[in-house]
Amino acid sequence: MTATRNVILSFLAVAAAATLAGCSLLLPSSQHSPAPSSSAPSSSAPSQATAAQPTIGQCWNGTIKDAGDWADWSGSSATACGRSHTLYTYGVGHVTGLQPTDWAVSASNPALRDDVAAAASKTCDAPYAKLLPTLPDASHSLLRVFFFVPSRAEWKQGARWVRCDLALLDFGTSTAHERFAPLPASISTLTDAVVSDPLTYAMCLDTDHSTAKGPFADSSDVITDCRNHPEWLYAQSGLFTQAANAPYPTSKELSARVSAVCSAQLMPTEVWSAYYPTPATWKSGDRAIECWAGFKDWTPGGGNGTNA
């Protein structure tokens, strides 16, 4: 999912709004779930990837495009987890109460209906919490979660399963053209590493420009290893406290609240960049503030490493 939000940049420890601009954050609308610690082979997988209900522990190969359609799986059949793979099925759920015989918006619009997407997403939350209890929010880490539903034909025949998959973004990939890194043969290798070395899976960015433009400023932004002197590190989040029916805040109110959230733990060597709701997303209930810490002494050209 691409969420369009406003941005405030600040270069002072006592933060003040410097600029306002539009920015597209590449955040997943994905979900979450548990998984066994063993790698489950799938040599018996059907020739059609959607021909049978998936099972927890299956492994798959797919790209960002394959995974990001938010509908039925369009990639290849499952593969043995001992082989190279980029997606792992950590949960399988079912949705109920969705009566229409087609999950698409309409015959001419094959996009997944909002109610189906919301219900499918929800089924993946509990299994994710069991799989990665120490990583409550995948949207600010290198880990990504996705869901898939049966094909339209299977849906019309009554299939209502939901497949919940985990993937890992690779270091050195552009935020405009993300790619997956291979997953380990056993998912427990990854989940154990998340607990023992969480910084390895945090989201950091390097650019070919200065911190004056902020993270996610353009296609030059590259995902990098947080342990390797990154330019930008996801720092923390907060919320506007206004009620659901409250009017959009004034510029002064926006600046005050965002500054309070993002400058609270700012170090003297850091600047911050904050993303917050637009008037349109505010109406839909968005109250989130996302804070990124930048480093004043950073210069372009740092290494990007690899997590493959």
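Calculation rules
- Residues numbered from 1 in each chain as written.
- Predicted model: local features only at pLDDT ≥ 70, side-chain atom pairs only at ≥ 80, totals over all residues.
- Heavy atoms only, no water.
- Helix = DSSP H or I, 4+ residues; strand = E, 2+ residues; numbered from the N terminus.
- Buried < 20%, exposed > 50% of the residue type's maximum accessible area, 1.4 Å probe, protein only.
- Contact = heavy atoms within 4.5 Å.
- Areas by Shrake-Rupley, 256 points an atom, 1.4 Å probe, with all protein chains shown as cover.
- Phe/Tyr/Trp six-rings, centres within 6.5 Å; stacked < 30°, edge-to-face > 60°.
- Salt bridge = Lys/Arg side-chain N within 4 Å of Asp/Glu carboxyl O.
- Pairing = 2+ DSSP bridges.
- Core = buried A, V, L, I, M, F, W, Y, C linked by side-chain atoms within 4.5 Å.
- Disulfide = S-S within 2.5 Å.

A. Expanded view of the overall build of the chain. Helix and strand counts for the chain come out as seven helices and 11 strands. In the chain, which comprises 308 residues, the proportion classed as buried is 52%. Across the chain, every contact between residues at least 6 apart in sequence was considered, and the portion connecting residues at least 24 apart equals 71%. Working note: accessible area of the chain is about 13,700 Å², and carbon and sulfur atoms make up 56% of it.

B. Region of interest: the packing of aromatic side chains. Within this structure, the stated rule accounts for seven aromatic pairs. Ring geometry for Y90 against Y128: centres 6.4 Å apart, planes inclined by 70°, an arrangement best described as edge-to-face. Linking Y90 in strand 4 (residues 87–94) with Y128 in helix 3 (residues 125–131), this pair joins segments that are 38 residues apart in sequence. The same class applies to Y90 and to Y128, which are both buried. Ring centres of Y234 and W292 lie 5.5 Å apart, and the angle between their planes is 75°; on these two criteria the pair is classed as edge-to-face. In this pair, Y234 sits in strand 9 (residues 232–239) while W292 sits in strand 11 (residues 288–295), placing the two residues 58 residues apart along the sequence. Judged by relative accessible area, Y234 falls into the buried class, the value being 17%. Relative accessible area serves as the criterion here: at 2%, W292 is assigned to the buried category.

C. Focus on the pattern of salt bridges. Tallied over the full model, the rule gives six salt bridges. Across the pair R179 and D170 runs a salt bridge whose closest N-O atoms are separated by 3.3 Å. The salt bridge partner of R227 is D197, with a shortest N-O separation of 3.4 Å. One end of the pair, R227, is in the loop between strand 8 (222–224) and strand 9; the other, D197, is in the loop between helix 5 (187–196) and strand 7 (204–206), with 30 residues separating them in the sequence. In this structure R227 comes out as partly exposed when scored by relative accessible area, which is 45%. Under the relative-accessibility criterion, D197 is labelled partly exposed at 31%. Each of D197, D225 and R227 takes part in salt bridges that share partners, so that together they form one network.

D. Structural view of the sheet that holds strand 3 (residues 59–60). Spatially, four strands are ordered 3-4-6-5 in an open sheet, and the strand pairing comes out antiparallel. Sheet topology places strand 3 and strand 5 (143–148) at the edges, where each strand pairs with a single neighbour. As defined by bridge partners, strand 4 adjoins strand 6 (residues 161–168) across six bridges and the pair is classed as antiparallel. The residue of strand 6 that forms the bridge with T89 is D165.

E. Fine view of the pairing of strand 4. Burial of strand 4 is extensive: six of the eight residues sit out of reach of the surface. Here strand 3 pairs with strand 4 via two bridges, running antiparallel. Counted as the bridge partner of C59 is Y88 from strand 4.

F. Summary view of the pairing of strand 5. The buried count for strand 5 comes to six of six residues, which makes it a mostly enclosed element. Of the two faces of strand 5, the one carrying L143, V145 and F147 and the one carrying R144, F146 and F148 are both buried. For strand 5 and strand 6, the ladder comprises six bridges, and the chain directions are antiparallel. Its bridge partner lying in strand 6, F148 is registered against R163.

G. Region of the structure containing helix 5. Of all the positions in helix 5, only I187, S188, L190, T191, A193 and V194 are classed as buried. Buried residues belonging to helix 5 abut strand 4, helix 3, strand 5 and strand 6.

H. Structural detail: the environment of A260. Position of A260 relative to the elements: it lies in helix 6 (residues 251–262). Between the alpha carbons of A260 and G238 there is a distance of 9.4 Å; along the sequence they are 22 residues apart.

I. Region of interest: the nonpolar core. Counting 55 residues, the largest nonpolar core has Y90, L143 and L166 as the members making the most contacts within it. In this structure, C262, A274, Y276 and I289 belong to the second largest nonpolar core, which totals 12 residues.

J. Here's a closer look at the state of the cysteines. Summed over the entire model, instances satisfying the criterion amount to four disulfides. Across the disulfide from C59 sits C81; the S-S distance is 1.9 Å. With the S-S dihedral at roughly 100°, the linkage between C59 and C81 falls on the right-handed side. Separated by 22 residues along the polypeptide, C59 in strand 3 and C81 in the loop between helix 1 (64–67) and strand 4 bring together distant segments of the chain. On the basis of relative accessible area, C81 is assigned to the buried category, the value being 2%. The side chain of C262 participates in a disulfide bridge whose partner is C291; the two sulfur atoms lie 2.0 Å from each other.

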